[in-house]
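# Summary of the model geometry
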Amino acid sequence: MEKTSTFVSISQYQHLYRNDMKEKINQLLHEISQSVAASVEETEALRIKYLSKKGVIARLFDDFRLVPAEEKKQIGQMLNELKTRAQEHINALRERVQAGAASDAADELDLTRTAYPTRLGTRHPLSLVKQEICDIFARLGFSIADGPEIEDDWHVFSSMNFAEDHPARDMQDTFFIEYRPDVILRTHTSSVQSRVMEKTQPPIRVICPGRTYRNEAISYRAHCFFHQVEALYVDKNVSFADLRQVLLYFAQEMFGPDTKIRLRPSYFPFTEPSAEMDISCNICGGKGCNFCKHTGWVEILGCGMVDPNVLDNCGIDSKVYSGYALGMGIERITNLKYRVKDLRLFSENDLHFLEQFKSVH
Ligand code: DAH
């Protein structure tokens, strides 16, 4: 009797097991949903306890084979749901402690701490030199004038006394816009001269910095865009001697008080007479070196007395007024001052190059 009373048939056992299983699943659902974690480590401990290969839920899956066939569907679904709920709950706990850690860090923000240094940009060498040129002329009473980079033939060429067949008008030099011969990118800042003279009567004393364009193949010494500064002075009785004195002042301010200047006769359509100015080589001090090709001199700008035709073209009476003009390439001046041998460096945005000008400000 005793034996039979303690005997449990396999079907009875399965029955017991099945009820036990349902109960266990419900119990675990409750237990897991109530579980909390204060740290990432604690969520990991929960994951190991419930969801790892040897965890509580895995063991229930192992026992699943003992569930009687007719119950398998229902208990199988319950088990799957338990696993999903456990994963969701533990993931949610982990996210919460992680977010909490972040907000704790924010709470620890020390508003009295010294600020981290901000990385400042540097001014471009061409901008530095342009500014320096403008400052020197500002001290002589010149003000800044501006004009468009997309220009017309009149302001760039015709008003500036270029003959109809002057080679500078050639397609090879000038960028034309939309194949319209009258709309071009300015090839020099001399175009601003005519813009200013058309609008203003003398005395005129302006300096015009800006970008210019020419259809050149890009190499270490030529680029399709570059920068110039133009200066124009128109008044009564302006003479070549005035021009010469301004040039000397500029050269010595820019390259040092020992700098000498030399004027060589030249030709420009818009000035008569015209000259090119050399300065004593600022590398060898005029003794002769590779840089100045052993001449002791380097060329830096073009200049001259404004051609009377230009004054008349722009509505200024050439019988009453005279003037001088000069124009220089900012890249050229920068090369002389900082020995930048390759023009392309100016437009490549290479920080190794640009950061070298940090201390120049
Ligand atoms: N426009 C000339 C050039 O692009 C430079 C120049 C020369 C400007 C003589 C002047 C000047 O004002 O008088 O090469």
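Rules used in this analysis
Counting of residues starts from 1 at the beginning of each chain's written sequence and follows it residue by residue. pLDDT decides what is reported in this predicted model: residues at 70 or higher carry local features, side-chain atom pairs at 80 or more are listed and counted, and totals for whole chains, interfaces and linings draw on all residues regardless. Side-chain metrics rest on all non-hydrogen atoms present in the structure, leaving aside hydrogens and water. Under the DSSP-based scheme used, a helix requires at least four consecutive residues in state H or I and a strand at least two consecutive residues in state E, with every element numbered from the N terminus. With C-alpha atoms as the basis for the radius of gyration, the globule rule is written as 2.2 Å multiplied by the number of residues raised to the power 0.38. We call a residue buried when its accessible area falls under 20% of the maximum for its residue type, exposed when it is over 50%, and partly exposed in between, using a 1.4 Å probe and counting protein chains only. The contact criterion used is simple: two residues touch if any of their non-hydrogen atoms lie within 4.5 Å. Computed with the Shrake-Rupley method and a 1.4 Å probe, the accessible areas treat only the protein chains shown as cover for residues. Grid points spaced at 1 Å over the protein atoms alone were grouped into cavities, where a 1.4 Å probe fits but cannot get out, and pockets, open sets with protein on both sides within 12 Å along at least five of seven lines, with lining residues defined by an atom within 4 Å of a point. Grid points are joined across faces, edges and corners, and a volume is the space filled by probe spheres set on the points. Under the scheme applied, nonpolar residues are Ala, Val, Leu, Ile, Met, Phe, Trp, Tyr, Cys and Pro; charged residues are Asp, Glu, Lys and Arg; polar residues are all the others, including Gly. Whether a residue is near a molecule or strand is decided by its heavy atoms; if any one of them lies within 4 Å of it, the residue is near. Within 3.5 Å is the distance limit for a polar contact, defined as a pair of N or O atoms, with the added protein rule that one can donate a hydrogen and the other accept it, and that residues adjacent in sequence qualify only through two side-chain atoms. Here the criterion for a molecule occupying a pocket or cavity is that more than half of its atoms lie within 2 Å of the pocket grid points. UniProt positions are given in the numbering used here, feature names are shortened, and annotations may be inferred rather than shown by experiment. Domain boundaries shown here were taken from an automatic or database domain assignment. Here the aromatic set is Phe, Tyr and Trp, taking the six-membered ring for Trp, and pairing holds for ring centres within 6.5 Å; pairs whose planes are under 30 degrees apart are stacked, those over 60 apart are edge-to-face, and all others are tilted. To qualify as a nonpolar core, a set must consist of buried Ala, Val, Leu, Ile, Met, Phe, Trp, Tyr and Cys residues joined through side-chain atoms within 4.5 Å. In short, DSSP must find at least two bridges between two strands for them to pair. The convention used is that axes are lines fitted to C-alpha atoms, helices contributing only their stretch in contact, and that angles between N-to-C directions extend from 0 to 180 degrees.

## What to know about the overall build of the chain
- Across its full length, the chain carries 12 helices and 10 strands.
- Computed over the C-alpha atoms, the radius of gyration of the chain is 42 Å, more than 25% above the 21 Å expected from 2.2 N^0.38 for a compact globule of 361 residues.
- Taken along the three principal axes of its C-alpha coordinates, the chain extends 145 × 50 × 40 Å.
- Split into buried and exposed, the 361 residues of the chain put 40% on the buried side.
- In the chain, the share of contacts with a sequence separation of at least 24, taken over all contacts with a separation of at least 6, comes to 67%.
- About 21000 Å² of surface is accessible on the chain, with carbon and sulfur atoms providing 52% of the total.

## Regarding the layout of surface pockets
- If you add up the space inside the largest pocket, you get close to 1600 Å³.
- If you go around the largest pocket, you meet 48 residues; those closest to its centre are Arg 214, Arg 221, Glu 299, Gly 329 and Arg 332.
- Contributions of two or more residues to the lining of the largest pocket are made by α8 (190-199), β6 (225-235), β8 (271-280), β9 (297-306), β10 (322-329) and α11 (330-338).
- It is β9 that contributes the most residues to the lining of the largest pocket, seven residues altogether.
- Its residues assigned to classes, the lining of the largest pocket shows 21 nonpolar, 15 polar and 12 charged.
- Estimates place the volume of the second largest pocket at around 250 Å³.
- Contributing to the lining of the second largest pocket are 16 residues, with His 124, Leu 126, Ser 127, Arg 211 and His 227 lying nearest its centre.
- Elements that contribute at least two residues to the lining of the second largest pocket include exactly α6 (125-139), β5 (204-213), β6 and α11.

## Digging into the site of the ligand
- Residues in close proximity to the ligand total 15 residues, the closest being His 188, Ser 190, Arg 214, Gln 228 and Glu 230.
- Within the side chain of Arg 214, one N or O atom sits 2.9 Å away from an oxygen atom of the ligand.
- Bound to the protein, the ligand loses 88% of the 360 Å² it would expose on its own.
- A majority-of-atoms criterion places the ligand in the largest pocket.
- Only α8, β6, β9 and β10 provide two or more residues apiece to the shell around the ligand.

## Let's talk about the UniProt feature "binding site: Mg(2+)" (unreviewed entry) in the chain
- In the numbering used here, UniProt assigns the "binding site: Mg(2+)" (unreviewed entry) feature to Glu 272.
- Turning to its location among the elements, Glu 272 is positioned in strand β8.
- Judged by its relative accessible area of 47%, Glu 272 is partly exposed.
- Excluding anything up to four places from it in sequence, Glu 272 contacts Met 305 and Asp 307.

## Quick notes on the domain arrangement of the chain
- Its domain assignment divides the chain into domain 1 (12-107) and domain 2 (125-357).
- Here the C-alpha centroids of domain 1 and domain 2 sit 81 Å apart.

## Topic: the packing of aromatic side chains
- Applying the stated criterion to the full structure yields nine aromatic pairs.
- When the centroid spacing of 5.9 Å and the interplanar angle of 40° are considered together, the rings of Phe 162 and Phe 270 count as tilted. With Phe 162 in the loop between α7 (153-158) and β3 (176-177) and Phe 270 in the loop between β7 (261-268) and β8, this pair connects stretches of sequence that are 108 residues apart. You'll find Phe 162 and Phe 270 in the same group, each marked buried.

## Some remarks on the nonpolar core
- Among the nonpolar cores identified, the biggest contains 44 residues, and Ile 133, Phe 137 and Leu 326 are the most heavily contacted of them.
- At the level of secondary structure, the elements contributing two or more residues to this core comprise α6, β6, α9 (240-255), β8, β9, β10, α11 and α12 (351-354).
- No other element matches the seven residues that α9 contributes to this core.
- Phe 137 has contacts with Phe 142, Ile 207, Ala 231, Val 246, Phe 250, Leu 326 and Met 328, leaving out every residue within four places of it along the chain.
- Counting residues in each nonpolar core, the second largest holds 23 residues, with Phe 157, Phe 162, Leu 232 and Ile 316 among its members.

## Looking at the sheet that holds β3
- Read across the open sheet, the three strands follow the order β2-β4-β3; overall the sheet is antiparallel. The sheet is open, and its two edges are formed by β2 (150-152) and β3, each paired on a single side.
- In this structure, β3 lies alongside strand β4 (residues 180-185), joined through two bridges in antiparallel fashion. By the bridge assignment for β4, Ile 177 is matched with Arg 180.

## A short note on the sheet that holds strand β1 (residues 143-144)
- With respect to topology, seven strands assemble into an open sheet ordered β1-β5-β6-β10-β9-β8-β7, the strand pairing being mixed. On the outer flanks of this sheet lie β1 and β7, each paired with one strand and no other.
- Strand direction decides the pairing type here: β1 and β5, joined by two bridges, are parallel. Bridge pairing in β5 places Ser 143 opposite Val 206.
- Sitting on the sheet, α8 touches β5, β6 and β10, and the angle it makes with β6 is about 40°.

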